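# Summary of the model geometry
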Amino acid sequence: GWGDMEPHNSSAGGRSDTCFGVFNASEGRDTAQNSITSPWFSTAFGLIGLCSNLFALCVLLSSSRKLSSRARSSFLVFLCGLVVTDFMGLLVTASVIIPYHFIKFAWAKVDPGCHLCNFLGFSMVFFGQCPLLLGATMAGERFFGINHPFSRSTSISKRRAWSIVGLVWGFSCLLGLLPVLGLGRYTLQYPGSWCFLTLLPDTGDVVFCLLFALLGIFSVLLSFIFNTVSVVTLCRVYHDRESVQRRRDSEVEMMVQLVGIMIIATICWMPLLIFIIQTVLQQLPAGGQLQMLPPETQKMLLIYIRMVTWNQILDPWVYILFRRAVLQRVYPSLRPRPSLLSLYP
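Residues numbered from 1 in each chain as written. Predicted model: local features only at pLDDT ≥ 70, side-chain atom pairs only at ≥ 80, totals over all residues. Heavy atoms only, no water.

### Focus: the UniProt feature "transmembrane region" (unreviewed entry) in the chain
UniProt records the feature "transmembrane region" (unreviewed entry) at residues 40-63, 75-100, 120-140, 161-184, 204-237, 258-281 and 301-322, using the numbering of this structure. With 100% helix and 0% strand, residues 120-140 has its two end C-alpha atoms placed 30 Å apart. Taken end to end, residues 258-281 is 100% helix and 0% strand, and its two terminal C-alpha atoms sit 33 Å from one another. (UniProt positions renumbered as here; feature names shortened; annotations may be inferred. Helix = DSSP H or I, 4+ residues; strand = E, 2+ residues; numbered from the N terminus.)

### Quick look at the pattern of salt bridges
It is possible for side chains bearing opposite charge to pair when their charged atoms get close. One pass over the structure, following the stated rule, counts two salt bridges. Arg142 is the partner of Glu141 in a salt bridge, and the nearest nitrogen-oxygen pair spans 3.0 Å. Comparing Glu141 with Arg142, the two get one shared label, buried. Between Arg185 and Asp205 there is a salt bridge; the shortest N-O distance is 2.8 Å. With Arg185 in the loop between α6 (158-181) and β1 (186-189) and Asp205 in helix α7 (residues 203-239), this residue pair connects regions lying 20 residues apart in the sequence. Accessibility classification places Arg185 together with Asp205 in one group, the buried group. (Salt bridge = Lys/Arg side-chain N within 4 Å of Asp/Glu carboxyl O. Buried < 20%, exposed > 50% of the residue type's maximum accessible area, 1.4 Å probe, protein only.)

### A few points about unusual backbone geometry
Trans is the prevailing form of peptide bonds, just as negative phi is the prevailing case for residues other than glycine. Cis geometry is adopted by the peptide bond preceding Pro191, which originates at Tyr190 and carries an omega value of 5°. Positive phi is not limited to glycine here, since Cys114 has a value of about 65°. Looking at the secondary structure, you find Cys114 in the loop between α4 (107-110) and α5 (115-147).

### Some thoughts on the pairing of β1
Direction of pairing for β1 relative to strand β2 (residues 194-197): antiparallel, over a ladder of four bridges. Counterpart to Leu188 in the pairing with β2 is Cys195. The hairpin turn running from β1 into β2, its antiparallel successor, is four residues long, and Gly192 in that turn takes a positive phi close to 100°. (Pairing = 2+ DSSP bridges.)

### Points about α6
Given 3.6 residues per helical turn, the α-helix brings residues three or four places apart onto the same face. Between its terminal C-alpha atoms α6 stretches 34 Å, which fits the 34 Å expected from 24 residues at 1.5 Å a residue. For α6, the set of buried residues is Ala161, Val165, Val168, Ser172, Leu175, Gly176, Leu178 and Pro179. Following α6 by one or two positions, Gly182 has its phi on the positive side, about 120°. (Expected span 1.5 Å × (residues − 1).)

### Some remarks on the packing of aromatic side chains
In this description, a pair of aromatic rings is defined by centroid distance and the angle of the planes. Counted under the stated rule, the structure contains twelve aromatic pairs. Aromatic pair Phe45 and Trp310: ring centres 5.1 Å apart, planes at 75°, arrangement edge-to-face. Placement of Phe45 in helix α2 (residues 39-64) and of Trp310 in helix α9 (residues 295-321) is noted, with a sequence separation of 265 residues between them. Among the residues examined, Phe45 registers a relative accessible area of 11% and is labelled buried. Ring centres of Phe126 and Phe127 lie 4.8 Å apart, and the angle between their planes is 80°; on these two criteria the pair is classed as edge-to-face. What makes Phe126 buried here is its relative accessible area of 12%. Given the relative accessible area of 12%, Phe127 is considered buried. Among the aromatic residues, those joined into a cluster by ring pairs are Trp194, Phe196, Phe212 and Trp269. Over the aromatic face of Tyr100 sits the side chain of Lys104, whose NZ or CZ is 5.8 Å from the ring centroid. (Phe/Tyr/Trp six-rings, centres within 6.5 Å; stacked < 30°, edge-to-face > 60°. Lys NZ or Arg CZ within 6 Å of the ring centre and 35° of its normal.)

Pasting the structure below:
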């Protein structure tokens, strides 16, 4: 098991040349039964997330076939991209992490070249950054659709929406490949079941950690700004006595879903992103001499990653629960009203 694994190929005054040795593996055997590292904990998270995203994907595909609204169709494309990303993220990471918890294989023996570790680290970064960027993209699309409805003759097409999703995936892929290209490292993390970026005071590691964290924070803040302005605009239309007929149920529905996605992303991701920035900046005075993460830092990083996992589990339920078909059953007074655009020549 990973308790037998020893850090190796570490230089006395420089960084380690491998993906091992960032945490003290010898302590892992004593804490392996802790609930946070339990195999059933990871298995339950993975199964719930996969089933939730599969259910949401089926609902999305069913809804997209019945829509005539182009704006709503493009929004569903972004939602579909988000659900597919969350589903694949859980599937890829769980396919490595869950078997480890049950088999307890030795990483140093199974993956001496760190290829599996690099793949898992890339997956963590790629599938972690994508939802944040997609949330900001969706918020930006709704911002222009609500606040500047006449700046475009029509809403973006499904093909263009999928192209934007593809660009987000491509950008996140490029970000995840940076350690493979030489900027930063992916290293094995406590309790030895997953790989992630390295929170050590090496220049490349610090730059990559800050890039990842600041980009995530920027995406969340951008979503907050766009969504806040869009909600204010909808509230003004909703409370305008002379414009009661302008209530846009479809736009309100999309904004409720977007705000829900933003709130979940903020709660789940911001603690980890802030923790990454604080950790690497506090360790800078070490000048690259620190070769192993403190035990408390290792455990806190694992807890924050567990919080991030909830983002992939809760995202699909935002769409499943906050649809008009569901809301109208709870509040029968909610009835379809004409779109704002239909009231203008």
